[in-house]
Amino acid sequence: GTAQIGVTGLAVMGRNLARNLARHGFRVALHNRTNARTESLMHEHGDEGDFVPSESLTDFVASLAKPRAIIIMVKAGSATDAVIEELVPLLDEGDIVIDCGNAHFADTRRREHDLAERGLHFVGAGVSGGEEGALNGPSIMPGGSDEAYQKLGPIFESIAADVDGTPCCVHVGPDGAGHFVKMVHNGIEYADMQLIAEAYDLLRSGLDATPAEIADIFRDWNSGDLESFLIEITADVLAHIDAETGKPFLDVVRDQAEQKGTGRWTVQSALDLGVPITGIAEATFALSLSGHADQRKAAAKTFGDDGKAGTLGSDRDQFIEDVRKALYASKVVAYAQGFDQIRAGSDEYGWNIDRGAMATIWRGGCIIRARFLNRIVEAYDADPDLSSLLVAPYFAGAVSNGVNSWRRVVVAAAQAGIPTPAFSSSLAYFDGLRRTRLPAALIQGLRDNFGAHTYQRVDKEGSFHTMWGADKSEVPA
Ligand code: NBP
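First, a word on scope: everything that follows refers to the structure included in this document. Residue positions are counted from 1 within each chain, in the order its sequence is given. Given that this is a predicted model, residues contribute local features only at a pLDDT of at least 70 and side-chain atom pairs are listed and counted only at 80 or more, while totals for whole chains, interfaces and linings are drawn from all residues. Working from all heavy atoms in the structure, the side-chain values ignore hydrogens and water.

## Some points on the overall build of the protein chain
- Numbering of helices and strands starts at the N terminus; helices are DSSP runs of H or I of at least 4 residues and strands are runs of E of at least 2. Assigned secondary structure in the protein chain consists of 19 helices and 12 strands.
- C-alpha atoms define the radius of gyration, and 2.2 Å times the number of residues to the power 0.38 defines the globule rule. At 25 Å, the protein chain has a C-alpha radius of gyration in line with the 23 Å of a compact globule built from 477 residues.
- Scored against the burial criterion, the 477 residues of the protein chain give a buried share of 50%.
- The contact criterion used is simple: two residues touch if any of their non-hydrogen atoms lie within 4.5 Å. Looking at the protein chain alone, contacts between residues at least 24 apart form 66% of all its contacts between residues at least 6 apart.
- Areas reported as accessible are Shrake-Rupley estimates using a 1.4 Å probe. Residue values count occlusion only from the protein chains shown. With an accessible surface of roughly 22200 Å², the protein chain has 51% of that area assigned to carbon and sulfur atoms. Working definition: with a 1.4 Å probe on protein chains only, accessible area under 20% of the residue-type maximum means buried, over 50% means exposed, and in between means partly exposed.

Next comes the structure, spelled out in structure tokens:
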């Protein structure tokens, strides 16, 4: 065969990735379980580049030059395993199988291990940017071996988004590292969206501002530190008018958000790793709450929906500026926590992930692309072992500068009964992080009292236990 790379799985993502590859001059082999998808791609876009379509997987594999590079872009989970099982007997030693779907990193670790035993490379690559990104330049986060990346790197780097001449693709690390980082990226995306939603709610419920007015506020914010893809499209969504009713689009959409797998995975992994990613967790739980329509109805009936709309507007401009600063500070917390999780995962699984490089490849192509990622890159350039993004000079300054606004917003929200779980918990995290002494000493005392769990002292080494039920003397444990 002569094709340089193949794509199997030609739904929206695979189709656009294949077109992106072809537009960059690669000869692309095509396959999909249901041939109609392949035919429609050839029919609609066959003239965009050099495609080699095949109806059967055998012909598809035969159409590829060796060592083969095959991208799988199917529904994550058992479909990916099914395709791998069908594919592997047709391959030769040294071929590279690439999963660009949203796999769980643990599945990617397992698959990489299995295929390595069969002499094949397996690369789990996170791809962000939705269908638009897949076509015009996504952010790509490939894991897998150095050897596989040597061949794939130039291909991926040429189709990835580009920011100031730097491609939004880098070899993240071995086996599941790429999918792990993609997972954290999606968790941060959840936190970002929840923070934006809370800011909107504060302005709408607290100031009685209209969606169109709030769209203007977000547009204004997008010209400063907050500049990002999500802030930009927030203005578009807020300004949109429903054609059927003439009402703001937001007011005709159900307020129950879908909770997809990756946000949940991020929180589960953080619990396993012992990393407090409170922003992402609150965002995930806020979506869960939105989905419990019956419970919400019962509670609204019991307690009443709060009727304090418009009560926060005594100094309207000041409040808007406070919300902007609170949003920025909370966003810094969410990213700081996400990068902590990347470090913890990297340590746990031996991936040696360069966090600055992750911020670099998120600057374009992906959903969380934002101006402030440049600041994260600078922070890790200055200190690759940074203990927390929050203590890097730029972010420390931004948070210190915004902390009074942040407190005023959280207090005002609590008084007005406007739920701000992500704003509030991010502030609590910040206050907890900077405390020299936390009340955990009391918890140690309680655990020693009821379960003889022992404790350590601030003034000498070792573990100790107090004889709580007897004379309360202390004994070494
Ligand atoms: P879907 O996730 O909707 O999957 C549809 C594709 O999977 C079709 O090609 C389908 O073939 C194939 N497939 C299934 Br389902 N079961 C199969 C099986 N047992 N054997 C072979 N093929 C099978 O497609 P998508 O929305 O393009 O997403 C693809 C991947 O990219 C997913 O992992 C997704 O999580 C990830 N992703 C999506 C986005 C996004 O914005 N949509 C962004 C980033 C990542 P058929 O045509 O024969 O039914």
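Once the structure has been displayed, the description carries forward.
## Considering the pairing of strand β6 (residues 121–128)
- By the criterion of burial, β6 is predominantly enclosed, with eight of the eight residues buried.
- Burial along β6 is two-sided: His-121, Val-123, Ala-125 and Val-127 facing one way and Phe-122, Gly-124, Gly-126 and Ser-128 facing the other are all buried.
- Bridge analysis of strand β5 (residues 96–99) against β6 gives four bridges, and the strand direction is parallel. Across the sheet, residue Asp-99 finds its bridge partner in β6, namely Gly-124.
- By convention a crossover is right-handed if, when the strands point away from the viewer, the path from the first strand over the helix to the second runs clockwise. Between β5 and its parallel partner β6, the chain crosses via helix α5 (residues 105–117), and the hand of that crossover is right-handed.
- DSSP bridges decide pairing: two strands pair if at least two such bridges lie between them. Relative to strand β7 (residues 139–142), β6 runs antiparallel, the two sharing four bridges.

## A look at the sheet that holds strand β3 (residues 51–53)
- Sheet architecture is open: seven strands sit in the order β3-β2-β1-β4-β5-β6-β7, paired in mixed fashion. Across the chains shown, the open sheet's two edge strands, defined by having one partner strand only, are β3 and β7. Direction aside, the axes of adjacent strands within the sheet are offset by 25° on average.
- Sheet topology note: the strand β2 (residues 28–31)/β3 ladder contains three bridges and is parallel. Considered in β3, the bridge of Ala-29 is made with Val-52.
- Note on geometry: axes are C-alpha line fits, over the in-contact stretch for helices, and angles between N-to-C directions span 0 to 180 degrees. Along the sheet, helix α4 (residues 78–87) contacts β1 (5–8), β4 (69–72), β5 and β6; its crossing angle with β4, the most-contacted strand, is approximately 155°.

## Considering the nonpolar core
- Ranked by internal contacts, the top residues of the largest apolar core, which has 93 residues, are Trp-221, Phe-339, Trp-362, Ile-376, Leu-389 and Trp-406.
- When residues in this core are grouped by element, the largest group, 15 residues, is from helix α14 (residues 316–349).
- If we skip the residues at most four places from it in the chain, Ile-376 touches Tyr-335, Phe-339, Ala-359, Leu-389 and Phe-395.
- The set of buried Ala, Val, Leu, Ile, Met, Phe, Trp, Tyr and Cys residues whose side-chain atoms join them within 4.5 Å is what this entry labels a nonpolar core. Among the nonpolar cores identified, the runner-up in size contains 31 residues, and Val-7, Leu-41, Ala-134 and Tyr-149 belong to it.

## A look at the packing of α14 against helix α17 (residues 393–416)
- Here α14 crosses α17 at 125°, and the two axes come no closer than 7 Å. Our classification of the angle between α14 and α17 gives oblique. You can see that α14 and α17 cross each other, and the crossing is left-handed. Across the interface between the two elements, Gln-318, Phe-319, Asp-322, Val-323, Lys-325, Ala-326, Tyr-328, Ala-329, Ser-330, Val-332 and Val-333 of α14 pack against Tyr-394, Phe-395, Ala-398, Val-399, Asn-401, Gly-402, Ser-405, Trp-406, Arg-408, Val-409 and Ala-412 of α17.
- Per-class residue counts for the contact of α14 with α17 are 14 nonpolar, five polar and three charged. Each angle gets one of four labels, with under 35 degrees taken as roughly parallel, over 145 as roughly antiparallel, 65 to 115 as roughly perpendicular, and the rest as oblique. Working rule for handedness: look at the near helix, and if it is turned counterclockwise from the far one by less than a right angle, call the crossing left-handed; if clockwise, right-handed. Under the grouping applied here, Gly and all other residues not named as nonpolar or charged are polar, the nonpolar ones being Ala, Val, Leu, Ile, Met, Phe, Trp, Tyr, Cys and Pro and the charged ones Asp, Glu, Lys and Arg.

## Focus on the site of the ligand
- The criterion for a residue being near a molecule or strand is simple. One of its heavy atoms has to lie within 4 Å of it. Around the ligand, a shell composed of 20 residues is seen, among which Met-13, Asn-32, Arg-33, Thr-34 and Arg-37 lie nearest.
- Side-chain atoms alone can form a polar contact between residues adjacent in sequence; in general such a contact is a pair of N or O atoms within 3.5 Å, and within protein one must be able to donate a hydrogen while the other accepts it. At 2.5 Å, a side-chain N or O of Arg-37 approaches an oxygen atom of the ligand.
- Burial of the ligand by the protein chains amounts to 74% of its free accessible area of 910 Å².
- Looking at the shell around the ligand, the element that brings in the most residues is α4, giving three residues.

## Looking at the sheet that holds strand β12 (residues 474–476)
- Spatial strand order, β10-β11-β12: three strands in an open sheet with antiparallel pairing. Of all the strands in the sheet, just β10 (455–456) and β12 have a single pairing partner and so form its edges.
- Bridge count between strand β11 (residues 463–466) and β12: three bridges; the pairing is antiparallel. Of the residues in β12, the one forming a bridge with Thr-466 is Glu-474.

## Side note on the packing of α14 against helix α18 (residues 421–434)
- At a minimum axis separation of 9 Å, α14 and α18 run at an interaxial angle of 65°. Handedness of the crossing formed by α14 with α18: left-handed. Mapping the contact onto sequence places Val-323, Ala-326, Leu-327, Ser-330, Val-333, Gln-337 and Asp-340 in α14 and Phe-423, Ser-426 and Tyr-429 in α18.
- In terms of residue class, the contact of α14 with α18 is made up of six nonpolar, three polar and one charged.

In short, geometric facts, not functional conclusions.
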